[in-house]
Amino acid sequence: MARIELKSAEELRWMREAGLVVASIHEALRAAVAPGITTRELDEVSAAAIADSGATSNFLGYYDYPATVCISVNDVIVHGIPGDTELAAGDIVSFDCGAYVERRGRQWHGDAAFSVIVGDSFLSDEEFASGVRASGSLPGVDDNVLRERRQLDALTRESLWAALAALATGKRISAVGSAVEEVVARHGEINGWEAGIVEEFVGHGIGTSMHMPPDVLNYRVRGIQARLKPGMVLAVEPMLVRGDIASITDDDEWTVRTADGLDAAHWEHSIAITEDGVSVLTARDSGAAGLAPYGVTPVCLD
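Thresholds applied
Residues numbered from 1 in each chain as written. Predicted model: local features only at pLDDT ≥ 70, side-chain atom pairs only at ≥ 80, totals over all residues. Heavy atoms only, no water. Helix = DSSP H or I, 4+ residues; strand = E, 2+ residues; numbered from the N terminus. Buried < 20%, exposed > 50% of the residue type's maximum accessible area, 1.4 Å probe, protein only. Pairing = 2+ DSSP bridges. Axes fitted to C-alpha atoms, helices over the stretch in contact; angles between N-to-C directions. Left-handed = near helix turned anticlockwise from the far one by under 90°. Contact = heavy atoms within 4.5 Å. Nonpolar A, V, L, I, M, F, W, Y, C, P; charged D, E, K, R; others polar. Salt bridge = Lys/Arg side-chain N within 4 Å of Asp/Glu carboxyl O. Phe/Tyr/Trp six-rings, centres within 6.5 Å; stacked < 30°, edge-to-face > 60°. Lys NZ or Arg CZ within 6 Å of the ring centre and 35° of its normal.

(A) Here's a closer look at unusual backbone geometry. Backbone torsion omega between Pro213 and Pro214 reads 5 degrees, so that peptide bond is classified as cis. If you trace the backbone, Pro214 turns up in strand E7 (residues 212-216). For Asn74, which is not glycine, the phi torsion reads 60 degrees and is therefore positive. Examined against the element boundaries, Asn74 turns out to sit in the loop between strand E1 (69-73) and strand E2 (76-78).

Here it is, written out as structure tokens:
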């Protein structure tokens, strides 16, 4: 098994700094999303938020990736490249964001993702945790399409928080996959359709690099996975689809979309395992609102 980087208390605070930069990127993007804006313009919003924070993008130039944020629209699962695409009301859009800060000659990375339905008001973690959900029609958007996109977004978001909460009480990384599968199965009964859990792309360790061991699977597998230890930081990121999990990659060698053309959603946070509990580094409140329904109170590293 590959070595898993364990951070000191001071290093976790540096990672919290990077996580707060990512939280700022999310806030800037949510404020800017509107029908008619292009994904290239939203990348400019992301770049400005990173610069204003005095941080550096860990996406731009990563294996030649050409932007500071991945923007994935409708059937795109992950790694959508910003360009001239104009967002329309009712689109389901995922934003995968990252940045790093340098402390004592080393990089400390943050990574998190969220999804939105263009035209809906974004629900805070407090609202979402209390059961509030988007409702009503959007002009020019088919009500059935809108309903299923909202359901996909909500169950992906819930699966993320269930997985993060599971890490607070679980013994091994496998707690993530079990939690995601339970949420997907439960929503399948409620919604009348079951989302597919993408297996090709998974979560990961994060620290002095953006992607590090271990892999964090969003589904159950045979075999024993790594034991949770203080100092671990994990990027947990369920990606769910409306249909089959098979995917295809565009000629740009980045954009990954569903093979059947159905929708996808992506939510992610970076979470630290500490001696005293968990701390969601990329959530402004350390995860307090999102974890509250599970009876978990996070550690604050601010």
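(B) Structural context of the pairing of strand E4 (residues 106-117). Extensive coverage of E4 is indicated by the burial of ten of its twelve residues. If you look at the hairpin formed by strand E3 (residues 92-103) and E4, you'll find two residues sitting between the two strands, and Arg104 has a positive phi there, around 50 degrees.

(C) Representation of the packing of helix H4 (residues 143-169) against helix H5 (residues 175-191) within the structure. Where H4 meets H5, the axes come as close as 8 Å, and the angle between the chain directions of the two elements is 145 degrees. For the pair H4 and H5, the sense of crossing is right-handed. Along the contact surface, H4 presents Gln151, Leu155, Glu158, Ser159, Ala162, Ala163, Ala166 and Leu167, while H5 presents Ala175, Val176, Ala179, Val180, Val183, Val184, Arg186, His187 and Asn191. Here the contact of H4 with H5 is composed, by residue class, of eleven nonpolar, four polar and two charged.

(D) Quick look at the pairing of E3. Buried residues dominate E3, accounting for ten of its twelve residues. Judged from the five bridges that link them, E1 and E3 form a sheet pairing that is antiparallel. Bridging across to E3, Ser72 finds its partner in Ser94. Here twelve bridges tie E3 to E4, and the two strands are oriented antiparallel to one another. Residue Gly98 lies in a different strand from E4, and its bridge partner there is Asp111.

(E) Broad picture of the pattern of salt bridges. Summed over all chains, the structure comprises 15 salt bridges. Arg16 is the salt-bridge partner of Asp302, the closest N and O atoms lying 2.6 Å from each other. In this pair, Asp302 is assigned in the segment after helix H6 (288-291) and Arg16 in helix H1 (residues 9-32), connecting sequence segments 286 residues apart. Under the relative-accessibility criterion, Asp302 is labelled exposed at 60%. A salt bridge links Arg220 to Glu182; its shortest N-O distance comes to 3.6 Å. Remark: Glu182 occurs in helix H5 and Arg220 occurs in the loop between E7 and strand E8 (233-236); sequence separation between them is 38 residues. The exposure class assigned to Glu182 is partly exposed, which follows from its relative accessible area of 47%. Here the residues in one salt-bridge network are Asp75, Asp250 and Arg257, joined through shared partners.

(F) Quick look at the packing of aromatic side chains. Tallied over the entire structure, the rule returns seven aromatic pairs. With a centroid separation of 5.8 Å and 50 degrees between ring planes, the pair formed by Trp14 and Trp108 is classed as tilted. Taken together, the residues Trp14 in helix H1 and Trp108 in strand E4 connect sequence positions 94 residues apart. Neither Trp14 nor Trp108 differs from the other in exposure class; each is buried. Ring geometry for Tyr65 versus Trp254: centroids 5.0 Å apart, planes at 75 degrees, classification edge-to-face. Here the residue Tyr65 occupies a position in the loop between helix H2 (39-52) and E1, and Trp254 occupies one in the loop between strand E10 (247-249) and strand E11 (256-258), the gap between them amounting to 189 residues. The residue whose ring lies beneath Arg157 is Phe128, and the NZ or CZ to ring-centre distance is 4.5 Å. Over the face of the ring belonging to Trp193 we find Arg242, whose NZ or CZ atom lies 4.2 Å from the ring centre.

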